[in-house]
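The residues making up each chain are set out below.
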Protein chains: 6
Amino acid sequence: MTLFDLSLDELWRHRPRVTPPADLDGFWAETLAEARAAAAPAVAARVRTPLTQVTTYDVSFTGYAGQQIKAWLNLPAGAVGPLPVVVEFIGYGGGRGRPHEWLLWAAAGYAHLVMDTRGQGASWRGGDTPDPGPDGTGPSVPGYLTRGVLDPRGYYYRRLVTDAVRAVEIAGELPGVDADRLAVVGCSQGGGLALAAASLASVPIRAVVSQVPFLCHIRRAVTITDADPYAELVRFCRIHPDRAAAALTTTDYVDMVHLTPRATAPALFSAALMDEICPPSTVFAAYHAYGGPKEMEVYEWDGHEGGRAHFAHRSLEFVAALVH
Amino acid sequence: MTLFDLSLDELWRHRPRVTPPADLDGFWAETLAEARAAAAPAVAARVRTPLTQVTTYDVSFTGYAGQQIKAWLNLPAGAVGPLPVVVEFIGYGGGRGRPHEWLLWAAAGYAHLVMDTRGQGASWRGGDTPDPGPDGTGPSVPGYLTRGVLDPRGYYYRRLVTDAVRAVEIAGELPGVDADRLAVVGCSQGGGLALAAASLASVPIRAVVSQVPFLCHIRRAVTITDADPYAELVRFCRIHPDRAAAALTTTDYVDMVHLTPRATAPALFSAALMDEICPPSTVFAAYHAYGGPKEMEVYEWDGHEGGRAHFAHRSLEFVAALVH
Amino acid sequence: MTLFDLSLDELWRHRPRVTPPADLDGFWAETLAEARAAAAPAVAARVRTPLTQVTTYDVSFTGYAGQQIKAWLNLPAGAVGPLPVVVEFIGYGGGRGRPHEWLLWAAAGYAHLVMDTRGQGASWRGGDTPDPGPDGTGPSVPGYLTRGVLDPRGYYYRRLVTDAVRAVEIAGELPGVDADRLAVVGCSQGGGLALAAASLASVPIRAVVSQVPFLCHIRRAVTITDADPYAELVRFCRIHPDRAAAALTTTDYVDMVHLTPRATAPALFSAALMDEICPPSTVFAAYHAYGGPKEMEVYEWDGHEGGRAHFAHRSLEFVAALVH
Amino acid sequence: MTLFDLSLDELWRHRPRVTPPADLDGFWAETLAEARAAAAPAVAARVRTPLTQVTTYDVSFTGYAGQQIKAWLNLPAGAVGPLPVVVEFIGYGGGRGRPHEWLLWAAAGYAHLVMDTRGQGASWRGGDTPDPGPDGTGPSVPGYLTRGVLDPRGYYYRRLVTDAVRAVEIAGELPGVDADRLAVVGCSQGGGLALAAASLASVPIRAVVSQVPFLCHIRRAVTITDADPYAELVRFCRIHPDRAAAALTTTDYVDMVHLTPRATAPALFSAALMDEICPPSTVFAAYHAYGGPKEMEVYEWDGHEGGRAHFAHRSLEFVAALVH
Amino acid sequence: MTLFDLSLDELWRHRPRVTPPADLDGFWAETLAEARAAAAPAVAARVRTPLTQVTTYDVSFTGYAGQQIKAWLNLPAGAVGPLPVVVEFIGYGGGRGRPHEWLLWAAAGYAHLVMDTRGQGASWRGGDTPDPGPDGTGPSVPGYLTRGVLDPRGYYYRRLVTDAVRAVEIAGELPGVDADRLAVVGCSQGGGLALAAASLASVPIRAVVSQVPFLCHIRRAVTITDADPYAELVRFCRIHPDRAAAALTTTDYVDMVHLTPRATAPALFSAALMDEICPPSTVFAAYHAYGGPKEMEVYEWDGHEGGRAHFAHRSLEFVAALVH
Amino acid sequence: MTLFDLSLDELWRHRPRVTPPADLDGFWAETLAEARAAAAPAVAARVRTPLTQVTTYDVSFTGYAGQQIKAWLNLPAGAVGPLPVVVEFIGYGGGRGRPHEWLLWAAAGYAHLVMDTRGQGASWRGGDTPDPGPDGTGPSVPGYLTRGVLDPRGYYYRRLVTDAVRAVEIAGELPGVDADRLAVVGCSQGGGLALAAASLASVPIRAVVSQVPFLCHIRRAVTITDADPYAELVRFCRIHPDRAAAALTTTDYVDMVHLTPRATAPALFSAALMDEICPPSTVFAAYHAYGGPKEMEVYEWDGHEGGRAHFAHRSLEFVAALVH
């Protein structure tokens, strides 16, 4: 994997000019208002697992348009008093899986809410949440990036981003959670959703961890990588050149270079210089645009792994300093 | 591409024992009744093209649950009197594209109705028809084969097969069409849909052409090939081993080995001995199960191309003998 | 597929300095004079096909050195009076196939002459014309680009270009054709041959359509792509470094950057920014060199498909405006 | 991934005849006696991590020939009284990584000892233990499977298996561990080592979990898969055909089909029918040879993932029933 | 590389029934008579090289139809008296290269005649001999296996086999050569040509070495491997299914299963069990058909390398015992 | 293979600034002094081969730390008087193989000493020399480039470079060798070792031939290619980002950009512009740094073959002019 993107020096200076959709604020205000209006109380049911040291709840909450979204809530067994909470979002294609697959944050003493990803959850880790449409705005390349891409209102990521915002907003309703001490974390698609939640949620967030995030400077990404999922969008534009402009405009509504200027919480990013899935220049573009205090962890030799266990350790320290 | 599947001798004898779902008849009777109940009249609007020898209509008709499905109707320019009609279904990932991409059957003197494929039409030929859900029955692997696969009622192919049946049933409403002289044709997914329409439609069909059809003996296909789209289902089962049985049961409802025994129209099949996408043994399984008179064209050296122009020529002759 | 070549802005300015062979004019004058001297009248025999709306002739004409070349001539059935004619050349590896594979231009009201490609016609669409040598000038990499490449006079493309020029020159002899209204079209290798014919033919051409043409700025192509067929030449030079200069000099005789300055007919080009087979900078080099009026259709997201049905539509309009 | 190996029915009956080396018992008796004679007491040093719910020790113990081997010991924080202990071995190429990468068994209430793999730990998870030779018996293909393969006494896996046996034998010396309640677990190479430890260790083992184990029926594996690491041995034999017999004889000393008849603890195996890395027939061969009570978990749709989270859950239940 | 073909036991018993063309004898008798009638004396010109221990001649002789074929003749420098001679043929795509690339047999004390391969010699080792056609019998897939394949008389391998026979027949005319002590050797395509020469040459041959030969049981080869060059023929048949029978019949004329029954010289074959380019069952078919005394060297772990230096050593011994 | 690295013009000017380790001189002085102190006399035993024109000795000499290293010595049979000697080093993964695989230099009248490569010799040509450690400095990626890379003193290439220097220093002890006329040659890893020997040996060297050398400007190589073996180091750094700096520092001790300034013998280099294994800019960096007279042979069209037979011829001429 060669250094195919900008050099590290260039990345630190790379602040591309981007133009957000004119109605971006209104679009999200309306979308979120509608979701909040349709909201029902979250439900958390204790589940039995073989884990004696972790208490698990199967959570259902209402996301986009009041649709039911699943999540796991893991807490250290026997915790007394409300705990700081980490809300985690998942990478492309995966779902919430099983409770015993999410042990890191509970082992560090946090309540840990893992949001399932609507419609995904069948490619590498199972999920339980459907995407109840409307998938009614046109054709799509297999995958999620072009599902409904011809209309921002019917776009898949409008629904998923809304779910993520809502997950943060309802975290405080859950058992054992101290809503005042909340962090959002995620890797790849999950890292993009963490940034989205930090930009759009109506509740205070203390810390953001965004590892090699997806959904950043999409217009550039599609010209410098041929790796999926960005390449799904390339294939769509190839087949529909007369609709390419419309499709790219739709993605602007969920592009972190446009959303993150409104975030204010301290954030830790990571970028990997050999990452062809979420190229480093797209991550740096979102980083430079981010509105709050921020740190960047660069992995010079990594592809999309983006630091793995090293970054997990760094994330634990970053969040602990701000939230615990 | 080696001869990875059964030998030709074995294929001629290959009649696997298969067990259809107990409620297969009821399932489709109810589904189709519902679609017919929700039907509105088809609409056909003349469109201008650069083709002086072909008259084109942009057709909208109601498919599954009364949802709008697009199609093209091409007729030889200046035809007098109603023409025999060929209804064509499209391979996986493609859509109806542009009218000038469908010239074969009009050049042979037929009215030619090309049904768009809901939700597809972005991978290799553009489409215009959304899949308005409900995609509400669970997670899916990118693609269409596992969309809603946990419940036969929410399964994508329930909707698509219904569209295909309805396309045949409304063909007679269209301008310049002689409903008594109707054939169905298709390749791969389109070949599967042609068989489905031949098995389920309520109107008489004179000829069926099914080239290297998809959706045949799916339970075997997933164990002998690692090529998409069948491999989408393998990946689903891998991630959800506890739901694999349910997923496979759902696919039984749209498997041609179960549906084709009720077909009666003369049919021309093709199979290709080096076809890893629709392996020949799965095609032969559907062929042997087919209820009407039938012929099989074998391509010894082909992969999924399945005879290309050679088979097109054969198809023209086959249909002409029965329909013209 | 990333944007691996020049950016679109650079492409519009990309006018490389190239040096044609000193005897280029003489070379072709002599070659064509010899072909014309050896010419016999074209023969067109009606053939039966299943197409009722198209009349087909099996054409034989004399190409390079008086050798027999095959072609199909398709006309709209029942046409009265001579028709404008489109001469089409075929992409690398393919042949003229069957008449029913060539319906577009007849459907638009043209006589359509499809020239078979000598020696090819076995890789993806069948052909019927041999390449009767002399293949007597040295070793070659499997393929056609290096066949006889050590000597311009024995080079395969000298023969093939001559065939293409002759196809245009004899089109007026064919039944139902109005020689005063003639266009040449082609994609990839066919696009290169269309340019060659436009540059060298002795009869007037009204329109040229050259889609992602091959045989353009070959010296650059071999340094920026590793895709066949250009890579055939790289392999040859690798094995014969002491003959690389001679091989490249031979290709200069059939390079469109040298030939197209003498063309005068209006031309429509297409280039695709992600095309690794005929990289966009090589296409733009020929475009900028082209001597007649010209338009460029750019496909930003395409590889070597170069616009497919979209460009076909555009071509129909372009030719109709000039020829009909 | 097709079903390339035996069918499930055949697997249940697949009991190949194999011939162990005549001196197998003596070989291991001598090797282990030497390691025990060279042993020094294990050292366990508390390490600080960001995990508040887990107590971690950095362990050093003496393995083969008294050489120092690293491990992590994770315990639930605040545990009172000695805990049952799970000794885990790691897959090919990985090392012990960081303590926070091993949370499953501590979360279930066990002491968890993770043995580092000598010389590995640089391909996908870092390690800290060198392989201090002697690598003095000849050439090797990159990788570990052929390191020293020409002589059983100098073979890499002689050293690694000894480490694994010793890890089990010293587990009782560690803080917070109840030596009478001990299980061994591992996946792939780790699954092979778990079987080796169950076969050779001098202390009682209550439960064995061996997920898609490596090092099973190696002589068959090298003829039915071309995936690494088994293919490393194929490449060696290809280059040294005159030494192939010697190399295969060496691997017999560490082949689980020969060692597992002497195991007595209850064991849970898994095999995956599409596993090309550790083909199912090789796993079944070891399963059938295994001397103790045993259960087999078959994953029909998996490759080498071998059940992932599903099997982890199953493993937790299996061990809990026997050990807790 | 797995054992994809028959097992070793099966190979020893594998004697497929094959039917030679009825006029095989006449075909070759006529072809060779024509070549001999057109023959001119061979010419051998001393060439300077940097090799002080080897004397090299640049040889030209007449092959098929009296066409000029190049070769190198290497002799140990300072040899006195005529030497036994080894005639070598080259693998697919290569040419005679440079004299210093052929040192083995001269180093063992032989005169060594290396025949160039007409038209090849540009893919991996340079060549100097053209293939002056006629390439006039139809289309071909890039490569040589289908060049002229529709007519045995125009087939490329008719010409090449004739060259090989003629090389053997003229070897005795060359300086320093003892025509009574002659061996033929070759690998892959060269191994097939060695068998052809042993079957058809009019002069006595003392020893034959045929390493993993090509051109053996071609009808089976095309169904069990997808590797080139056999796959060239598959692609041809795929595009021309109506000409597949004719193409296969043509290859029968140069298939060693038909030609080798007439050979009488002692022969050493090699086959490699993991060879996907020249599968072992095709080699064994020719071996079992071979008319003279024969030995088979099996390489269990090799692909198409077929034993490399090990087999070279074996070949030196085999030839020395019979020829020196 | 495109021109992925610098252009030829840039390469001629490419003189990167590099910083050698401060103790580089001391490191090698000490290492070599230790090896010389531990040295025992070389042993050369006549071996029988089938080659009548070459006399072969099986050589053992002491390399790093007095460890035994194997080599072949080939001489023209019947040579009188001492001969000039060429010492050759081998590419990555290979070993000395069999004597009959090394005929070029003996055929040109030289004594030819081919040094085996410790621990390698199992990937493409067999070897006989173990690497007797200590491999005791940490984990490694499969392969040799990271074996012991965390400590310059335990690094694999410290041992191998020392072997190479010692091979040159003992060549004069061997039968039939004139120590005053000595050249070193090699390709890839062998080309790097030739440069290392030219830089560090204590005996006079008359000529150096370094074909597409490995081990040149490693810090750049790992950022511009993803081909092995350089990519082994990338994988190591990826897994051990906290140890990447240490690993790169270790490689500085064996990087030819640091060692070659001290070489004085005339040298012939080759670089290939499409070489992704040893990219041309890394070769040019070593070339520009080289301390003696030097020539560069550029292969514009080659990958890592780097000129093959053409360069062999050039090497014979280059060495003959300086040494014979």
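In this text, all values refer to a predicted model and were calculated from it rather than measured experimentally. In this convention, every chain numbers its residues from 1, walking through the sequence in written order. Chains and ligands are labelled sequentially in the order written, the chains with letters from A and the ligands with numbers from 1. Local features in this predicted model are restricted to residues of pLDDT 70 or higher, and side-chain atom pairs are both shown and tallied only at a pLDDT of 80 or more, whereas totals for entire chains, interfaces and linings draw on every residue. Neither water nor hydrogens contribute to the side-chain values; these are computed over all heavy atoms in the structure.

K.L.:
Just to check I follow, could you spell out the interface of chain B and chain A for this structure?
P.N.:
The contact criterion used throughout is that any non-hydrogen atoms of two residues lie within 4.5 Å. Taken together, the contact between chain B and chain A spans 32 residues of the former and 32 residues of the latter. By buried area we mean the combined loss of accessible area, with a 1.4 Å probe, across both parts when two parts are placed together. Taking both partners together, chain B and chain A bury about 2100 Å²; carbon and sulfur atoms supply 51% of that area. Salt bridges are defined by distance alone: a side-chain nitrogen of Lys or Arg within 4 Å of a carboxyl oxygen of Asp or Glu. Inspection of the chain B/chain A interface yields three salt bridges. The salt bridge involving Arg243 of chain B is made with Asp128 of chain A; its shortest N-O contact spans 2.5 Å. By the convention adopted, Pro, Cys, Tyr, Trp, Phe, Met, Ile, Leu, Val and Ala count as nonpolar, Lys, Arg, Asp and Glu as charged, and the other residues, Gly among them, as polar. A class-by-class count of the residues in the side of chain B that touches chain A yields 10 nonpolar, 13 polar and nine charged.

K.L.:
Could you clarify how one ought to interpret unusual backbone geometry in this entry?
P.N.:
Along the chain, Asp228 of chain B connects to Pro229 of chain B via a cis peptide bond; the corresponding omega equals 0°. Runs of E in the DSSP output that reach at least two residues are strands. Runs of H or I that reach at least four are helices, and both are numbered from the N terminus. Relative to the assigned elements, Pro229 of chain B resides in the loop between helix 6 (218-224) and helix 7 (230-239). Of note in the backbone geometry, Leu215 of chain D takes a positive phi value of approximately 70° without being a glycine. As for its placement among the helices and strands, Leu215 of chain D is situated in the loop between strand 7 (207-211) and helix 6 (218-224). Only protein chains enter the area calculation, which uses a 1.4 Å probe; residues under 20% of their type maximum are buried, those over 50% are exposed, and those in between are partly exposed. On the basis of relative accessibility, which here comes to 0%, the residue Leu215 of chain D falls in the buried class.

K.L.:
What should I look at first to understand the interface of chain F and chain D in this one?
P.N.:
Often the size quoted for an interface is simply the accessible area lost on bringing the parts together. Residue-level contacts link 32 residues of chain F with 31 residues of chain D. Surface buried jointly by chain F and chain D totals about 2100 Å² across both partners, of which 51% is contributed by carbon and sulfur atoms. Between chain F and chain D we count three salt bridges in total. Any pair of N or O atoms that falls within 3.5 Å is considered a polar contact. Within protein, one atom must be able to donate a hydrogen and the other to accept it, and sequence-neighbouring residues count only if both atoms are side-chain atoms. On inspection of chain F and its partner chain D, the count reaches 10 residue pairs in polar contact (both at pLDDT 80 or more). A per-class count over the side of chain F that touches chain D returns 10 nonpolar, 13 polar and nine charged.

K.L.:
What's the story with the packing of helix 2 (residues 24-37) of chain A against helix 4 (residues 156-170) of chain A in this structure? I'm lost.
P.N.:
Two quantities define a packed helix pair, namely the angle between the helix axes and the distance between the axes. All names here are of chain A. Interhelical geometry of helix 2 versus helix 4 gives an angle of 60° and a closest axis separation of 10 Å. Here helix 4 runs oblique to helix 2, going by the angle between their axes. Between helix 2 and helix 4 lies a crossing whose hand is right-handed. Contacts between helix 2 and helix 4 pair Phe27, Trp28, Thr31, Leu32, Glu34, Ala35 and Arg36 from the former with Tyr157, Arg158, Val161, Thr162, Val165, Arg166 and Glu169 from the latter. Here the contact of helix 2 with helix 4 is built from residues that sort into seven nonpolar, two polar and five charged. Under this scheme, a helix contributes an axis fitted over its contacting stretch, all axes are lines through C-alpha atoms, and angles between N-to-C directions fall in the 0 to 180 degree range. Should an angle lie under 35 degrees it is considered roughly parallel, over 145 roughly antiparallel, and from 65 to 115 roughly perpendicular; all remaining angles are considered oblique. Left-handed is the label given to a crossing in which the near helix is rotated counterclockwise from the far helix by less than a right angle, and right-handed is the label when the rotation is clockwise.

K.L.:
Explanation requested: the arrangement of the chains in the structure shown.
P.N.:
At the C-alpha level, the nearest point of chain C lies 26 Å from chain D, with no contact between them. At the C-alpha level, the nearest point of chain A lies 26 Å from chain E, with no contact between them.

K.L.:
Would you explain the UniProt feature "binding site: substrate" (unreviewed entry) in chain A in this entry?
P.N.:
All names here are of chain A. UniProt positions are given in the numbering used here, feature names are shortened, and annotations may be inferred rather than shown by experiment. Summarizing the sequence annotation, UniProt attributes the feature "binding site: substrate" (unreviewed entry) to Tyr92 in the numbering used throughout. Looking at the secondary structure, you find Tyr92 in the loop between strand 4 (83-89) and helix 3 (104-107). A distance of 2.9 Å separates a polar atom in the side chain of Tyr92 from the backbone nitrogen of Tyr144.

K.L.:
It is not clear to me how the UniProt feature "active site" (unreviewed entry) in chain A should be interpreted in this structure. Could you clarify?
P.N.:
Residues and elements named next belong to chain A. Per the UniProt record, "active site" (unreviewed entry) is annotated on Ser188, Asp275 and His304. Considering the C-alpha atoms alone, the annotated residues occupy 117 residues of sequence yet fold into one spot, their largest mutual distance being 10.9 Å. As for its placement among the helices and strands, Ser188 is situated in the loop between strand 6 (177-187) and helix 5 (189-200). The contact partners of Ser188, leaving out residues within four places of it in the chain, are Gln211, Val212, Pro213, Phe214, Cys278 and His304. By the secondary structure assignment, Asp275 is in the loop between strand 8 (267-272) and helix 10 (280-289). According to the relative accessible area criterion, Asp275 is buried, its value standing at 0%. Look past the residues within four positions of Asp275 in its chain and what remains in contact with it is Phe4, Val212, Pro280, Asp302, Gly303 and His304. Among the polar contacts listed, one links the side chain of Asp275 to the backbone nitrogen of Ile277, at a separation of 2.9 Å.

K.L.:
Please explain the packing of aromatic side chains as it appears in this structure.
P.N.:
What describes a pair of aromatic rings is the distance from one ring centre to the other and the angle between the planes of the rings. The aromatic pairing rule takes the rings of Phe, Tyr and Trp, using the six-membered ring of Trp, and pairs them if the centres are within 6.5 Å, calling planes under 30 degrees apart stacked, those over 60 edge-to-face and the rest tilted. Under the definition given, this model contains 96 aromatic pairs over all chains. Note on Trp12 of chain F and Tyr287 of chain F: the rings are 6.1 Å apart at their centroids and 80° apart in plane angle, and the pair reads as edge-to-face. Taken as a pair, Trp12 of chain F in helix 1 (residues 8-13) and Tyr287 of chain F in helix 10 (residues 280-289) lie far apart in primary sequence, 275 residues in all. Here the aromatic residues Tyr92, Tyr144, Tyr155, Tyr156, Tyr157, Phe214 and Tyr230 of chain A are joined through ring pairs into a cluster of three or more. We note Arg46 of chain D situated over the ring of Tyr57 of chain D; from NZ or CZ to the ring centre the distance is 5.9 Å. Two conditions define a charge sitting above a ring: the NZ of Lys or the CZ of Arg must be within 6 Å of the ring centre, and it must be within 35 degrees of the ring normal.

K.L.:
Whenever I open this one, the relation of the copies chain F and chain D confuses me. Can you help?
P.N.:
Superposing copies: least-squares fit, C-alpha atoms only, residues required to have pLDDT of at least 70 in both. Mapping chain F onto chain D calls for a rotation angle of 180° and an axial translation of 0.0 Å; the resulting RMSD is 0.0 Å. What the superposition gives is, in effect, a two-fold axis relating one chain to the other. Taking C-alpha positions as the reference, the residue of chain F nearest the rotation axis is Pro142 of chain F, at 2.4 Å. Here 97% of the interface residues in chain F have copies in chain D that are interface residues too; the copies meet face to matching face.

K.L.:
Would you take a moment to explain helix 10 of chain A for this structure?
P.N.:
Count 3.6 residues to each turn of an α-helix, and residues three or four apart come out pointing the same way. All names here are of chain A. Of all 10 residues in helix 10, nine are buried; the element is thus mostly enclosed. Those residues of helix 10 not exposed but buried are Pro280, Ser281, Thr282, Val283, Phe284, Ala285, Ala286, Tyr287 and His288. Those residues of helix 10 hidden inside the fold are in contact with helix 1 (8-13), helix 6 (218-224), helix 9 (256-259), strand 8 and strand 9 (294-299).

K.L.:
Got a minute to help me understand the packing of helix 4 (residues 156-170) of chain D against helix 5 (residues 189-200) of chain D in this structure?
P.N.:
Residues and elements named next belong to chain D. It is at 9 Å that the axes of helix 4 and helix 5 come closest, and there the two elements cross at 65°. Between helix 4 and helix 5 the crossing geometry is right-handed. For the pair helix 4 and helix 5, the contacting residues are Tyr157, Leu160, Val161, Ala164, Val165, Val168 and Glu169 in the first and Gln189, Leu193, Ala196, Ala197 and Leu200 in the second.

K.L.:
Would you mind going over the pairing of strand 2 (residues 54-62) of chain F with me for this structure?
P.N.:
On a regular strand, each side chain points to the face opposite its neighbour's, so the side chains alternate between the two faces of the sheet. All names here are of chain F. Of all nine residues that make up strand 2, nine are buried, and the element is covered over most of its length. Alternating residues of strand 2 divide into Val54, Thr56, Asp58, Ser60 and Thr62 and Thr55, Tyr57, Val59 and Phe61, and every residue in both groups is buried. DSSP-based pairing: two strands are paired if at least 2 bridges between them are found. Bridge count between strand 1 (residues 43-47) and strand 2: five bridges; the pairing is antiparallel. Residue pairing across strands places Val43 opposite Ser60, the latter belonging to strand 2. Two successive antiparallel strands, strand 1 and strand 2, enclose a turn made up of six residues. Sheet topology places strand 2 next to strand 3 (residues 68-76); nine bridges connect them, and they run antiparallel. Residue Thr55 lies in a different strand from strand 3, and its bridge partner there is Leu75.

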